[in-house]
Amino acid sequence: MDKLLSILRACGTSIEEGAIALTIGFLIFSVMERLYGFSPAKKTVRANLLDLQYAFISMLYPPFIYFLISGFFALRAIHYSDSSHNPDITPLTFAGEVLILLVVRDCLIYLRHRIFHLPKVWAFHSIHHSSEEVNWISAARFHPAENIIEASGEIVLFIVATLIGFDAWVLSAAGLLIGFYNFFIHSNLRWTFGPLRYVLVSPVFHRWHHSDLPEAMDKNFAAMFSCLDLAFGTFYMPEGILPHTVGLSSEEKTTHPRSLAGQLLYPFKKR
C-alpha cells in the first residue's frame, strides 16, 4: 500500500509540474506565435484537445522529463552549494559543460529519431507526425512507448553526466534548455535563423521535418543542432521556400486514426 501511495504521489507531483510547464509554455508561445506566426492559427479544437490528452498521459510517467530533471538538479545544486565539497565553476567551464551535454544528447536524439523513421517502427512515430497543423503543443503528441524510450535515454545520460562530475547547475540548466527548445522548434514561428540555420535547429527547419512533401521525407532529424543533419546528409531547407503543409503522406492520412484510443492501438495493428 505504501508503495502504491508513493507512486500516486509521484504521479501527482509530475502532473502538477507538467501543468506548470504547459501554462508557462502557453503564455510564452501564444504571444510569440501571435507576433511572429508562420501562418494564421487554424488548428482545430479537436486537434488541440488530442495534443492535450497526450500531454496529460506524458505527465504520468513522466516526460515533461526535462523540466523535472532541471528541478531535481537545481535542488541538488542548492544543497551542495552550502557544502565545502562543491567547487566553484567558472562561466567558461559552465558553458562548456552545458554545450557538451547538449551536443551528446542531440547525437542520441538524432540516432533515436532516424531509427523511429524505419518502416518497422514508423507506426509509433507516425503519431507525432499526424498533426496537420504544427504548433508548440504538438511537441507533446508522442506515442507513450516512444516517449518512455526517449525519457529513459535522457535519464541515463544525466546519470552518467553526474557520475563523471558534471556540475549540478549545469544539468539543471541543460534540462531547462532542452524542455524549452522542444516546445520552441515545434512552435508556429517563421524564424529560419538565417546563416545560423546550418548550426541550430529553427522552427522552420523542424517544420520541414513535418512537411508532407515527398522531397522532405526523412530529413532534419536533429532536435537542437542542425549541423548534425548537415554532416549526415539529411539537411533539407531550400532557400526561399517555406513548408506550408505538414502531416502524414496523402496515403497515410486516409487510414490513420484521429482519436486517442485509435492512435494508441495503431502501432500494434496488423497491416
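Below: a short report on this structure. A quick note: this is a predicted structure, and the numbers were derived from the prediction, not measured. Sequence order as written defines residue numbering, which begins from 1 separately in each chain. Given that this is a predicted model, residues contribute local features only at a pLDDT of at least 70 and side-chain atom pairs are listed and counted only at 80 or more, while totals for whole chains, interfaces and linings are drawn from all residues. By convention in this description, side-chain values take in all heavy atoms of the structure and omit both hydrogens and water.

Here's the deal with the packing of helix 4 (residues 91-115) against helix 6 (residues 144-163)
Then, in step 1: Taken N-terminus to C-terminus, the directions of helix 4 and helix 6 make an angle of 150°; their axes are 11 Å apart at the nearest point. Relative to helix 6, helix 4 is oriented roughly antiparallel. As helix 4 runs across helix 6, the sense of the crossing is right-handed. Between helix 4 and helix 6, the residues in contact are Leu101, Val104, Arg105, Leu108, Ile109 and Arg112 and Glu146, Glu150, Glu154, Leu157, Phe158 and Ala161, respectively.
Then, in step 2: Taken together, the residues of the contact of helix 4 with helix 6 sort by class into 7 nonpolar, no polar and 5 charged. Helix axes use the C-alpha atoms of the stretch in contact, all axes being lines fitted to C-alpha atoms, and the angles between their N-to-C directions lie in the range 0 to 180 degrees. Counting from the N terminus, the helices are the DSSP runs of H or I reaching at least four residues and the strands are the DSSP runs of E reaching at least two. Convention used here: angles under 35 degrees read as roughly parallel, angles over 145 as roughly antiparallel, angles from 65 to 115 as roughly perpendicular, and any remaining angle as oblique. By definition, any crossing whose near helix is turned counterclockwise from its far helix by less than a right angle is left-handed, and any crossing with a clockwise turn is right-handed. It only takes one pair of heavy atoms within 4.5 Å for two residues to be counted as in contact. Under the scheme applied, nonpolar residues are Ala, Val, Leu, Ile, Met, Phe, Trp, Tyr, Cys and Pro; charged residues are Asp, Glu, Lys and Arg; polar residues are all the others, including Gly.

What to know about the nonpolar core
Then, in step 1: Here, the term nonpolar core denotes a set of buried Ala, Val, Leu, Ile, Met, Phe, Trp, Tyr and Cys residues that are joined through side-chain atoms within 4.5 Å. We call a residue buried when its accessible area falls under 20% of the maximum for its residue type, exposed when it is over 50%, and partly exposed in between, using a 1.4 Å probe and counting protein chains only. Counting residues in hydrophobic clusters, the biggest one holds 40 residues, and the most contacted among them are Leu101, Leu102 and Phe184.
Then, in step 2: Among the secondary structure elements, those contributing two or more residues to this core are helix 1 (2-36), helix 2 (45-60), helix 4, helix 6, helix 7 (168-186) and helix 8 (203-209).
Then, in step 3: Residue contributions to this core peak at 8 residues, all from helix 7.
Then, in step 4: Not counting residues up to four positions away in its chain, the partners in contact with Leu101 are Leu157, Phe158, Ala161, Phe166, Leu171 and Ala174.
Then, in step 5: Membership of the second largest hydrophobic core comes to 7 residues, among which are Leu50, Ile57, Ala123 and Tyr266.

Brief notes about the environment of Ala223
Then, in step 1: By the element assignment, Ala223 lies in the loop between helix 8 and helix 9 (227-232).
Then, in step 2: For Ala223, the residues in contact, after removing those within four places along its chain, are Arg105, Asp106, Ile109, Tyr181, Ile185 and Val201.

Describing the side chain of Arg207
Then, in step 1: Residue position: Arg207 is located in helix 8.
Then, in step 2: Judged by relative accessible area, which is 3%, Arg207 ranks as buried.
Then, in step 3: Dropping the residues within four chain positions of it, Arg207 is found in contact with Phe38, Ser39, Glu133, Val134, Asn188, Pro243 and Val246.

Focus on the pattern of salt bridges
Then, in step 1: Each reported salt bridge corresponds to a side-chain nitrogen of Lys or Arg within 4 Å of a carboxyl oxygen of Asp or Glu. Going through the model one piece at a time under the given rule, you end up with 9 salt bridges.
Then, in step 2: A salt bridge links Arg105 to Glu154; the nearest nitrogen and oxygen atoms lie 3.1 Å apart. In this pair, Arg105 sits in helix 4 while Glu154 sits in helix 6, placing the two residues 49 residues apart along the sequence. Glu154 matches Arg105 in its accessibility class, with the two residues each being buried.
Then, in step 3: Residues joined by salt bridges that share partners form a network here, namely Arg105, Arg112, Glu146, Glu150 and Glu154.

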